[in-house]
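Architecture and fold: a report
Below are the chains, spelled out letter by letter.
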Amino acid sequence: MSKIIIANWKINPLSVSEAVKLAKKEDIKGVVIASPFVFLESVGKILKHAELAAQNTFWEEKGAYTGEISAQMLKNIGVKYVIIGHSERRRLGETDKIINKKITAAIKADLTPILCVGEPLNIRKKGLTVAKKFVKNQLQLDFKNANKLIKLKAKSLIIAYEPVWAIGTGIPDNPSSAAEMHKFIKNFLKTKNYRLKAEVLYGGSVNAKNAASFLNRPEIDGALVGGASLNPKEFRMIVDSINNKIKK
Ligand code: PGA
């Protein structure tokens, strides 16, 4: 089975020429590039193999919302996926209620949401069972008012399990606990009867050295890669670490 590798550039690089250069090196089948808004169109134009993702969206389609970008706008410039509820946004005040509205907006615009969930360190210290409860609660709140719409309209959905303490720290989760959490999330999704293609990815300090230990697990459908996605050589090694290698 092929896996998905998402490159989450966050607020990097600083210019459109650098973004296009990086995108050319990461234009690989099975890869999704989550570029800053301002580079999406330029990056989209050069991609032949990879797909395009935004890192955020707004919940209203249009109107008096200065500074926001709607899911329909993203759709109209060729974006296919959108990251929603990344822990870096939750840390800035994005609530499950907001995330819930953004998921609805993304599905209405025919974008595939990449919903990020994951527990903070103080929760994980209490054990994996407590962490599962935390993640389940996030999933329930994030999908709360979207269940009907998902059943009716959504064709695909991605959940990224990213333990907050593993993001950008160089300390990844251990692959067997991560796989157990993935199984748990997949079982949760089964209870929803969504009838769509749902994939669960791992994120948090994935690099060239540890990628295979996550990606070779059957429960883990891919990876959300932050820091290492800014280094094209390392990123390529991550992609190549998948069992049945993705060919360009
Ligand atoms: P990281 O980031 O790979 O730098 O830990 C992952 C993410 O934030 O999606």
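For the structure, check the block above.
A short tour of the structure in this document, coming up.

Rules used in this analysis
- Residues numbered from 1 in each chain as written.
- Predicted model: local features only at pLDDT ≥ 70, side-chain atom pairs only at ≥ 80, totals over all residues.
- Heavy atoms only, no water.
- Near = heavy atom within 4 Å.
- Polar contact = N/O pair within 3.5 Å; in protein donor to acceptor, adjacent residues only side chain to side chain.
- Areas by Shrake-Rupley, 256 points an atom, 1.4 Å probe, with all protein chains shown as cover.
- Nonpolar A, V, L, I, M, F, W, Y, C, P; charged D, E, K, R; others polar.
- Core = buried A, V, L, I, M, F, W, Y, C linked by side-chain atoms within 4.5 Å.
- Buried < 20%, exposed > 50% of the residue type's maximum accessible area, 1.4 Å probe, protein only.
- Helix = DSSP H or I, 4+ residues; strand = E, 2+ residues; numbered from the N terminus.
- Contact = heavy atoms within 4.5 Å.
- Expected span 1.5 Å × (residues − 1).
- Arc of directions from axis to C-beta.
- Phe/Tyr/Trp six-rings, centres within 6.5 Å; stacked < 30°, edge-to-face > 60°.
- Pairing = 2+ DSSP bridges.
- Axes fitted to C-alpha atoms, helices over the stretch in contact; angles between N-to-C directions.

**Examining the site of the ligand**
Taken together, 14 residues sit near the ligand, with Lys10, His86, Glu162, Gly168 and Ser205 positioned nearest. At 2.7 Å, a side-chain N or O of His86 approaches an oxygen atom of the ligand. When the ligand is considered free in solution it has 280 Å² of accessible area, and contact with the protein chains removes 95% of it. A breakdown of the residues in the shell around the ligand according to their chemical character gives four nonpolar, seven polar and three charged.

**Some points on the nonpolar core**
Ile5, Val43, Leu139, Phe143, Ile159, Ile185 and Leu189 are the most contacted members of the largest nonpolar core, which has 66 residues in total. Looking at which element gives the most residues to this core, the answer is helix H9 (residues 175–192), with six residues. Setting aside residues up to four positions removed in sequence, Phe143 forms contacts with Asn100, Ile103, Leu115, Ile150, Leu157, Ile159, Phe188, Leu189 and Tyr194. Within the second largest apolar cluster, 13 residues are counted, among which are Ile6, Ile83, Leu201 and Leu224.

**Let's talk about helix H7 (residues 128–143)**
It helps to recall that an α-helix has 3.6 residues per turn; residues three or four apart then point in one direction. With 16 residues, H7 extends 22 Å from end C-alpha to end C-alpha; this agrees with the ideal 22 Å at 1.5 Å per step. Listed in full, the buried residues belonging to H7 are Leu128, Ala131, Lys132, Val135, Gln138, Leu139, Asp142 and Phe143. Relative to the axis of H7, the buried residues are bounded by an arc of 125 degrees and lie together on one face. Turned more than 90 degrees off the buried face of H7, the exposed positions are Thr129 and Lys133.

**Side note on the packing of aromatic side chains**
The final tally for this structure, using the stated rule, is four aromatic pairs. Aromatic side chains Phe143 and Tyr194 sit 5.8 Å apart centroid to centroid with 75 degrees between the ring planes, which places their arrangement in the edge-to-face category. One end of the pair, Phe143, is in helix H7; the other, Tyr194, is in the loop between H9 and strand E7 (197–203), with 51 residues separating them in the sequence. Take Phe143: its relative accessible area is 1%, and that puts it in the buried class. One aromatic cluster is present, built from ring pairs that chain together Phe58, Trp59 and Tyr65.

**Re the sheet that holds strand E2 (residues 31–34)**
Taken in spatial order, the eight strands line up as E1-E2-E3-E4-E5-E6-E7-E8 and close into a barrel, and their pairing is parallel. With strand direction ignored, the average angle separating the axes of adjacent strands in the sheet is 25 degrees. The pairing of strand E1 (residues 4–8) with E2 spans four bridges and is parallel. Pairing of Ile6 across the sheet is with Val32, part of E2. Sheet strands touched by H7: strand E5 (112–117) and strand E6 (156–161). Its angle to E5, the strand with the most contacts, is close to 145 degrees. In the packing of H9 onto the sheet, the strands contacted are E5, E6 and E7, and the crossing angle to E7 comes to about 155 degrees.

**Describing helix H5 (residues 96–108)**
In this model H5 runs 18 Å from its N-terminal to its C-terminal C-alpha over 13 residues, within 8% of the 18 Å that 1.5 Å per residue would give. Among all positions in H5, only Asp96, Ile99, Asn100, Lys102, Ile103, Thr104, Ala105, Ala106 and Ile107 are buried. Along its buried surface, H5 packs onto helix H3 (71–76), strand E4 (81–84), helix H4 (87–90), E5, H7 and helix H8 (147–153). Trailing H5 by a residue or two, Asp110 shows a phi angle of about 70 degrees, which is positive.

**Notes on unusual backbone geometry**
For the bond running from Asn12 to Pro13, omega is -15 degrees, close enough to zero to count as cis. Of note in the backbone geometry, Asn193 takes a positive phi value of approximately 50 degrees without being a glycine. Judged by relative accessible area, which is 53%, Asn193 ranks as exposed. For Ser205, which is not glycine, the phi torsion reads 60 degrees and is therefore positive. You can see Ser205 is positioned in the loop between E7 and helix H10 (211–215). Since its relative accessible area comes to 16%, Ser205 is described here as buried.

Bear in mind that shape data such as this cannot, by itself, settle questions of function.
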